[in-house]
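# Coordinate analysis (summary)
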Amino acid sequence: MINKVSKIYVAGHRGMVGSAIVNHLKSLGYENIVTRRSGELDLRNQLEVEYFFSQEKPKVVIDAAARVGGILANRDYPYQFLIDNLKIQNNLIEFSLLNDCEKFIFLGSSCIYPKFSPQPIKEDYLLTSELEATNEAYALAKIAGVKACEYVRKQFGKDYSSLMPTNLYGPRDNFDLETSHVLPAMITKFYEAKQQGNQPVILWGTGSPMREFLHVDDLAAAVTFALENELPDNLYNVGTGVDITIKELALMIQQIVGHSGDIIWDDSKPDGTPRKLLDVSKMKTLGWEAKTSLKEGIIETYEWYLENSYNLKKVKIS
Ligand SMILES: NC(=O)c1ccc[n+]([C@@H]2O[C@H](COP(=O)([O-])OP(=O)(O)OC[C@H]3O[C@@H](n4cnc5c(N)ncnc54)[C@H](OP(=O)(O)O)[C@@H]3O)[C@@H](O)[C@H]2O)c1
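Source: prediction; values computed, not measured.

Attention now goes to the side chain of Asn234. By the element assignment, Asn234 lies in the loop between helix H7 (216-228) and strand E10 (235-238). Overall, Asn234 belongs to the buried group, its relative accessible area being 11%. Among all residues touching Asn234, those that are not within four sequence positions of it are Val146, Glu150, Arg153, Ser161 and Ser162.

This is the structure we're talking about:
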């Protein structure tokens, strides 16, 4: 049984997701949380991971460590996205199993699902048709992680499971215009345009695609729910179950930032897939659902951005 003094290793604790998970666990009184920076423990290195597990023997492992990046990085470095993520998750899963770790929570992303999935996307659609080409390498690694946890569960009867979040946003997101996702990129664009006397903001596409956004603290709450409850199955979507158009999102962020210039939609740029919404009924049936409204979440994220914009991270490939 997991309790407040159980040893919990959060891999990737300095990332947007890992840091939200650590903060959430601490706020609930979990007091035996183990963390390592990548500079102290390179999770791609089998010997280092083997030694770490033999010393620490965590009871729970939460895997929020991954090589993560935007479309350009995924396009230019598919080999690293495949191999590094396979190494990280294989080492974590293998040495958790060998060291009697009772619970393993693997985090992936909704890109594991086929490109042309019916909407909303159910967990059962995994591996039913082809993946989106732009992040295929990353998705293949994550699918291997989902399957490894599923096989541990089947073969060894252990509580190893996978949570697949939709698009995330929140404090410590990546706001760099070259590498960021749509929501933090819009915050940066509207803020910078406002600073330059409310210059027009140019956004890609028509604004008509629909997307779902989950506050990272809601994901942290879902991870804690998975920690505190035995999940009967191996794969769960985590989202809000609600989506909005990119145009609606832009108007909401424009209003929150206080930008009063024009928005220009550059429809020579691709829109991407028209809709990508997760079916979240499986988690809801177990008793978990997201709480943060999109507007409240963006206000909080924007406040964090204003306080921290001097120190914003960029994706680095080495
Ligand atoms: N952000 C999103 O919108 C989103 C959406 C859905 C799912 N997810 C999933 O959530 C997870 C975390 O994403 P994130 O956005 O938090 O990423 P992130 O901010 O880039 O953080 C990734 C973390 O992984 C660690 N890491 C990377 N390579 C490592 C290595 N070789 N050894 C040890 N640690 C390593 C980094 O550690 P250091 O900081 O110590 O270098 C970093 O803390 C990923 O599995 C991702 O698929 C994210």
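Right, let's get into the UniProt feature "active site" (unreviewed entry) in the protein. As annotated by UniProt and renumbered to match this structure, "active site" (unreviewed entry) occupies Tyr138. Within the secondary structure, Tyr138 sits in helix H5 (residues 136-156).

So, on to the sheet that holds strand E8 (residues 210-211). In spatial order, the strands read E11-E8-E13; together these three strands make up an open sheet with mixed pairing. Of all the strands in the sheet, just strand E11 (244-245) and strand E13 (275-276) have a single pairing partner and so form its edges. Bridge analysis of E8 against E13 gives two bridges, and the strand direction is parallel. Across the sheet, Arg211 pairs through a bridge with Lys276, a residue of E13.

Turning next to the pairing of strand E4 (residues 103-107). The two faces of a sheet get side chains in turn, since along a regular strand they alternate between them. Counted residue by residue, E4 has five buried out of five residues, so it is predominantly covered. Sheet topology places strand E3 (residues 60-63) next to E4; four bridges connect them, and they run parallel. The residue of E4 that forms the bridge with Val61 is Phe104. Strand direction decides the pairing type here: E4 and strand E5 (residues 159-165), joined by five bridges, are parallel. Residue pairing for E5: Ile105 is matched across the bridge by Ser161. Following the backbone out of E4, through H5 and into the adjacent parallel E5, one traces a crossover that is right-handed.

Moving on: H5. The end-to-end C-alpha distance of H5 is 30 Å, a good match for the 30 Å that 21 residues give at a rise of 1.5 Å each. When H5 is considered as a whole, its buried residues turn out to be Ala137, Tyr138, Ala139, Ala141, Lys142, Ile143, Gly145, Val146, Cys149, Glu150, Val152 and Arg153. Buried residues belonging to H5 abut helix H3 (71-76), helix H4 (78-98), E4, E5 and E10.

Take the packing of helix H1 (residues 16-27) against H7 next. Across the interface, H1 lies against H7 with an axial gap of 8 Å and an inter-helix angle of 60°. With respect to H7, the element H1 is oriented oblique. Between H1 and H7 lies a crossing whose hand is right-handed. Of H7, the residues touching H1 (which contributes Met16, Val17, Ala20, Ile21, His24 and Leu25) are Val216, Asp217, Leu219, Ala220, Ala221, Val223, Thr224 and Leu227.

This brings us to the UniProt feature "domain: NAD-dependent epimerase/dehydratase" (unreviewed entry) in the protein. Sequence positions flagged by UniProt for "domain: NAD-dependent epimerase/dehydratase" (unreviewed entry) are, in local numbering, residues 8-239. For the annotated span residues 8-239, helix accounts for 42% and strand for 16% of the residues, and the straight-line distance between the end C-alpha atoms is 24 Å.

This brings us to the packing of aromatic side chains. A full pass over the atoms with the stated rule returns 10 aromatic pairs. Between Phe175 and Trp304, the aromatic rings sit 6.1 Å apart at their centres with planes inclined by 20°, giving stacked as the arrangement. A residue pair is termed long-range when its members are at least 10 positions apart, and Phe175 in the loop between strand E6 (167-169) and helix H6 (182-195) and Trp304 in helix H10 (residues 294-308) qualify at 129 residues. An identical accessibility class is assigned to Phe175 and Trp304; each is buried. Where Tyr191 meets Tyr305, the ring centres are 5.3 Å apart and the plane angle is 80°; that geometry is what we call edge-to-face. Residue Tyr191 is found in helix H6, and its partner Tyr305 is found in helix H10; the two are separated by 114 residues along the sequence. With a relative accessible area of 3%, Tyr305 lands in the buried category. Three or more aromatic residues joined by ring pairs form one cluster here, namely Phe175, Tyr191, Tyr302, Trp304 and Tyr305. A cation over a ring is seen here: Lys4 above Tyr30, with NZ or CZ 5.2 Å from the ring centre. For Lys282, the ring lying beneath its charged end belongs to Tyr236, and the centroid distance is 4.8 Å.

Here is what the cut-offs are and how they apply
Every chain is numbered on its own, with residues counted from 1 as its sequence reads. The model is predicted, so local features are restricted to residues of pLDDT at least 70 and side-chain atom pairs to those at 80 or more, both for listing and for counting; the totals for chains, interfaces and linings are taken over all residues. Side-chain descriptors were evaluated using all non-hydrogen atoms of the structure, hydrogens and water having been removed beforehand. Runs of E in the DSSP output that reach at least two residues are strands. Runs of H or I that reach at least four are helices, and both are numbered from the N terminus. Throughout, exposure labels follow a simple rule: accessible area from a 1.4 Å probe, protein chains only, divided by the maximum for the residue type, with under 20% read as buried, over 50% as exposed, and the rest as partly exposed. For this analysis, residues touch if any pair of their heavy atoms sits within 4.5 Å. UniProt positions are given in the numbering used here, feature names are shortened, and annotations may be inferred rather than shown by experiment. In this analysis, strands are considered paired if DSSP registers two or more bridges between them. Crossover handedness is defined by viewing with both strands directed away from the observer: a clockwise path from the first strand over the helix to the second marks the crossover as right-handed. To estimate the expected span of a helix, count its residues, drop one, and scale the result by 1.5 Å. Axis angles are defined between N-to-C directions and span 0 to 180 degrees, where every axis is a line fitted to C-alpha atoms and, for a helix, only to the segment in contact. Here the word oblique covers every angle except those under 35 degrees (roughly parallel), over 145 (roughly antiparallel) and from 65 to 115 (roughly perpendicular). Left-handed describes a crossing in which the near helix is turned anticlockwise from the far one by less than a right angle; the clockwise case is right-handed. What counts as a ring pair is set by centres within 6.5 Å for rings of Phe, Tyr and Trp (its six-membered ring), and what kind of pair is set by the plane angle: stacked under 30 degrees, edge-to-face over 60, tilted for all other angles. Placement of a positive charge over a ring is assigned whenever Lys NZ or Arg CZ falls within 6 Å of the ring centre and within 35 degrees of the normal to the ring plane.

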